[in-house]
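Structural overview for review
Residues per chain, in single letters:
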Amino acid sequence: MSRYFVDRLSRHIVFIFGVAAFLILVFIAIFILKESLPALREVGIVDMLFGAKWYPSLEAFGILTMLAGSIVTTLLALVIAVPLAVGCAIFLAEVAPLRIRNITRAAVELLVGIPSVVYGLVGMIVLCPVIADLSGTGSGSSVLAAAIVLAIMVLPTITSISEDSIRAVPAQYKEGALALGATHWQVIHHVLLPAARRGIITAVILGTGRAIGETMAMVMVIGNSPIFPTNIFAPARTLTGNIAVEIAAATGMHESALFATGLALFILVLFINSIGLLVYRRA
Amino acid sequence: MTSLSPKLTQKLAWGFAWVVGIITVLVLLFIIGYVLTKGLSVISPVFLFTEPEGGLSGKGGISSCIVATLWLIAITMAILNPLGIGAAIYLAEYAPDNRFTHLIRYSVELLAGVPSILFGLFGFAVFVLALHFNYSILAGALTLVCLLLPFLVRSAEEAMRAVPQSQREAALALGATKWQTVAHVIMPAALPGIVTGVILCIGGIVAESACLYVTMGGSARMPTSFLSEGRTLAVHVFYLAMETNALDKALATGAVLIILILIVNFITRWLSQRLQAKMRGGT
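In this report, the structure presented in the accompanying data block is examined. (Residues numbered from 1 in each chain as written. Chains lettered and ligands numbered in written order. Predicted model: local features only at pLDDT ≥ 70, side-chain atom pairs only at ≥ 80, totals over all residues. Heavy atoms only, no water.)

1. As for the overall build of chain A
Of regular secondary structure, chain A possesses 12 helices and 2 strands. Ordered by position from the N terminus, the helices and strands of chain A form the series α-α-β-β-α-α-α-α-α-α-α-α-α-α. Principal-axis analysis of the C-alpha atoms places the extent of chain A at approximately 75 × 70 × 35 Å. Expressed as a percentage of its 283 residues, the buried residues of chain A come to 54%. Of all intrachain contacts in chain A linking residues separated by at least 6 positions in sequence, the fraction that spans at least 24 positions is 72%. For chain A, the exposed area adds up to about 12,300 Å²; of that, 67% sits on carbon and sulfur atoms. (Helix = DSSP H or I, 4+ residues; strand = E, 2+ residues; numbered from the N terminus. Buried < 20%, exposed > 50% of the residue type's maximum accessible area, 1.4 Å probe, protein only. Contact = heavy atoms within 4.5 Å. Areas by Shrake-Rupley, 256 points an atom, 1.4 Å probe, with all protein chains shown as cover.)

This is how it looks when you write it as structure tokens:
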């Protein structure tokens, strides 16, 4: 084969590969939508979104409790994780001496790599009994356990993006403020954090998207009862957990309703991440 | 509220930053330490080389899970690497700066934020049902290819973009075709970065559970071909924790997972240090 032929051929091949990511995204959207149409038609979008009863055997497919379960655990996890993560980012970017920074950063990177089932397992064995003792009833599988596990899981994401954006603030800003007599903390609080605001918001939004999509660790510690998460010591169920727990045994309308659950999750996540990307682009 | 003096605020803030940094390291040490200390005592040659009994018993070892994980890594890598690196070559070297390229980039970024369980639903609808691969290692591998593609594309593209423009120009000036430049100049220079991305993908396969739980079937028997059902180590941890009382074996399997993740982390760290040394060496 002449090298010119190879050149032209490879140009076309890499183009086809290049389009793959786009096609996969489109196919995912199409297939999840297509498979959920029967349930959406049968039950109706409004009844499905705002229906509080999920009894597949009685053909009752309301996902409101799971939607609430996902949102409440995620918000609770963010309440725990965001102060810690931003504090940790400040620690890494401005406070820690070099060696301690390297150790902490290695810890943050490792936390990202630990499998979600390991977080779930440690949550089940260590955290749930503590929560059961605190509440006095049940096994400890609860919204609170899920939120704490989730907080630990999103901590590294929020920390590392926030740290990057604090570091990206031009050194002159900091030097200028220090020269005016500000303390180091005043510089961080009044100069660095405001300048890095967009990056930190992006980090939180991306962390939110990740938290809402977490599945196996949630299934392991939240108890998986499709009830409203009104009590943090009581079990609940997330959208992701609903799919994972039931898909293997589901057929017909039930299966389609699980795809509709996935559709709700897909739209929620795309919405959150699009906002995140927009903020990130402007940053 | 009386305002605190700047110096006192500085001290309080520093205290908070230190506490948060230390908490992060302690959380990591606790999770890894807990799983390793409880798990390693259960691990033995017998545990590694006997099959799990499956079902509700929790007896046996993890040999079939190790084999299923290896099968899965091999098939996923065989499909993912050409596709992901090809797409990265397109985006880094060929793609014109137009709306279509922006669309591809945007979909890579959005795809990276889609939760694993939705890839699982997609894989279930397409590979398991529509294409009749049934629950199989192949269906799991194809699902993983979709899941990991955006990550590999981004890291490989970044590595290729880091190759100095002068090297491309020198090769083209010597009469090389575009593809010869890519294959003989850019790829070798970008290789350490690409290999890092590939190894992180292997770590991702080992750690992944949600999308495999719904596409691989989860039979604990030894897989005989890539069309067999299979249960990876991570999915095995989930089954043991949820369906059996063998939490000690779940922890032991978790310990194997953590060791694998530590190895992945160690290799990528070593590679990136070598890469930095090479950059400093001026090549």
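2. What to know about the overall build of chain B
In terms of regular secondary structure, chain B is built from 11 helices and 0 strands. Shown N-terminal to C-terminal, the secondary structure of chain B runs as helices and strands in the order α-α-α-α-α-α-α-α-α-α-α. For chain B, the spread of C-alpha atoms along the principal axes amounts to about 70 × 65 × 40 Å. The buried share among the 283 residues of chain B stands at 53%.

3. Quick look at the interface of chain A and chain B
One frequently used descriptor of interface size is the decrease in accessible area upon assembly of the parts. Taken together, the contact between chain A and chain B spans 78 residues of the former and 76 residues of the latter. Carbon and sulfur atoms make up 83% of the area that chain A and chain B hide from each other, which totals about 7,000 Å². For the pair chain A and chain B, the interface holds 1 salt bridge. On the surface where chain A and chain B come into contact, there are 7 residue pairs in polar contact (both at pLDDT 80 or more). With 21 residues, the top contributor of residues to the side of chain A that touches chain B is helix H1 (residues 3–43) of chain A. Broken down by class, the residue content of the side of chain A that touches chain B amounts to 55 nonpolar, 16 polar and 7 charged. (Buried area = accessible area lost by both parts, 1.4 Å probe. Salt bridge = Lys/Arg side-chain N within 4 Å of Asp/Glu carboxyl O. Polar contact = N/O pair within 3.5 Å; in protein donor to acceptor, adjacent residues only side chain to side chain. Nonpolar A, V, L, I, M, F, W, Y, C, P; charged D, E, K, R; others polar.)

4. What about the layout of surface pockets?
Each pocket or cavity is described by its volume, and for the second largest pocket that value is around 350 Å³. Around the second largest pocket, the lining is made up of 19 residues, and of these Ile148 and Ile152 of chain A together with Val27, Phe30 and Ile31 of chain B lie nearest the centre. Contributions of two or more residues to the lining of the second largest pocket are made by helix H3 (64–95), helix H5 (116–135) and helix H6 (143–167) of chain A together with helix H1 (6–40) of chain B. When residues in the lining of the second largest pocket are grouped by element, the largest group, 6 residues, is from H1 of chain B. (1 Å grid on protein atoms, 1.4 Å probe; cavity = no way out; pocket = protein on both sides within 12 Å on 5 of 7 lines; lining within 4 Å. Points joined across faces, edges and corners; volume = space filled by probe spheres on them.)

5. Points about unusual backbone geometry
You will see that asparagine 224 of chain A, though not glycine, has its phi angle at about 60 degrees, which is positive. Tracing the chain through its elements places asparagine 224 of chain A in the loop between helix H10 (216–222) and helix H11 (239–246).

6. Quick word on the nonpolar core
Within the largest apolar cluster, 165 residues are counted, with the highest numbers of intra-cluster contacts made by Met48 of chain A together with Met160 and Ile194 of chain B. A total of 16 residues in this core trace back to one element, the largest contributor, which is helix H6 (residues 137–161) of chain B. If near-sequence neighbours (up to four positions away) are discounted, methionine 160 of chain B is found in contact with Ile85, Ala88, Ile89, Ala92, Glu93, Arg168, Ile186, Met187, Ala190 and Ile194 of chain B. Formed by 20 residues, the second largest nonpolar core is a distinct cluster that contains Ala89, Val169, Leu192 and Ala196 of chain A. (Core = buried A, V, L, I, M, F, W, Y, C linked by side-chain atoms within 4.5 Å.)

7. Topic: the packing of aromatic side chains
All chains considered together, the criterion is met by 13 aromatic pairs over all chains. Here phenylalanine 15 of chain A and phenylalanine 100 of chain B contribute two aromatic rings whose centre-to-centre distance is 6.3 Å and whose plane-to-plane angle is 40 degrees, an arrangement assigned as tilted. On the criterion of chain membership, the pair formed by phenylalanine 15 of chain A in helix H1 and phenylalanine 100 of chain B in helix H4 (residues 99–113) is interchain, its members lying in two chains. Ring centres 5.6 Å apart and planes at 50 degrees place the aromatic pair tyrosine 213 of chain B and tyrosine 239 of chain B in the tilted group. With tyrosine 213 of chain B in helix H9 (residues 210–213) and tyrosine 239 of chain B in helix H10 (residues 233–243), the pair connects residues that are 26 residues apart, well separated along the chain. Here the guanidinium or amino end of lysine 178 of chain B rests over the ring plane of tyrosine 94 of chain B, the centre of that ring lying 5.3 Å away. One cation-aromatic arrangement involves arginine 231 of chain B over tyrosine 239 of chain B; the distance from NZ or CZ to the ring centre is 4.1 Å. (Phe/Tyr/Trp six-rings, centres within 6.5 Å; stacked < 30°, edge-to-face > 60°. Lys NZ or Arg CZ within 6 Å of the ring centre and 35° of its normal.)

8. Section: empty space enclosed by the protein
In the structure shown here, the tally under the stated rule is 3 cavities of 30 Å³ or more. In this structure, the largest cavity encloses a volume near 50 Å³. Every residue lining the largest cavity is listed: Pro52, Glu53, Gly54, Gly55, Gly58, Lys59, Arg231, His236, Tyr239, Leu240, Glu243 and Thr244 of chain B. Taken as a whole, the second largest cavity encloses approximately 40 Å³ of empty space. Lining the second largest cavity, in full, are Ser70, Thr73, Thr74, Leu150, Ala211, Ile212, Glu214, Met218, Thr238 and Thr240 of chain A. Tallying contributions element by element places H3 of chain A first for the lining of the second largest cavity, with 3 residues. Across the lining of the second largest cavity, the residue classes tally to 4 nonpolar, 5 polar and 1 charged.

9. Things to note about the pattern of salt bridges
Residue and element names in this part refer to chain B. Scanning all chains against the criterion turns up 10 salt bridges over all chains. For the salt bridge of arginine 168 with glutamate 93, the shortest nitrogen-to-oxygen distance reads 2.8 Å. Here arginine 168 is found in helix H7 (residues 165–173), whereas its partner glutamate 93 is found in helix H3 (residues 63–94), with 75 residues between them in sequence. Considered together, arginine 168 and glutamate 93 belong to a single accessibility category, that of buried residues. The shortest N-O distance in the salt bridge between glutamate 157 and arginine 161 comes to 2.9 Å. A residue pair is termed a helical-turn pair when its members lie 3 or 4 positions apart in one helix, as glutamate 157 and arginine 161 do in helix H6 at 4 residues. Accessibility expressed as a relative area gives 47% for arginine 161, which makes it partly exposed.

10. Describing a nonpolar patch on the surface
Residues and elements named next belong to chain B. A surface patch of nonpolar side chains, about 500 Å² in accessible area, is lined by Leu40, Ile259, Leu260, Ile263, Phe266 and Ile267. The element contributing the most residues to the nonpolar patch is helix H11 (residues 247–280), with 5 residues. With respect to the helices and strands, the residue isoleucine 263 is situated in helix H11. (Patch = residues over 30% accessible without salt bridge, like charges linked within 9 Å, V, L, I, M, F, W, Y side chains within 5 Å.)

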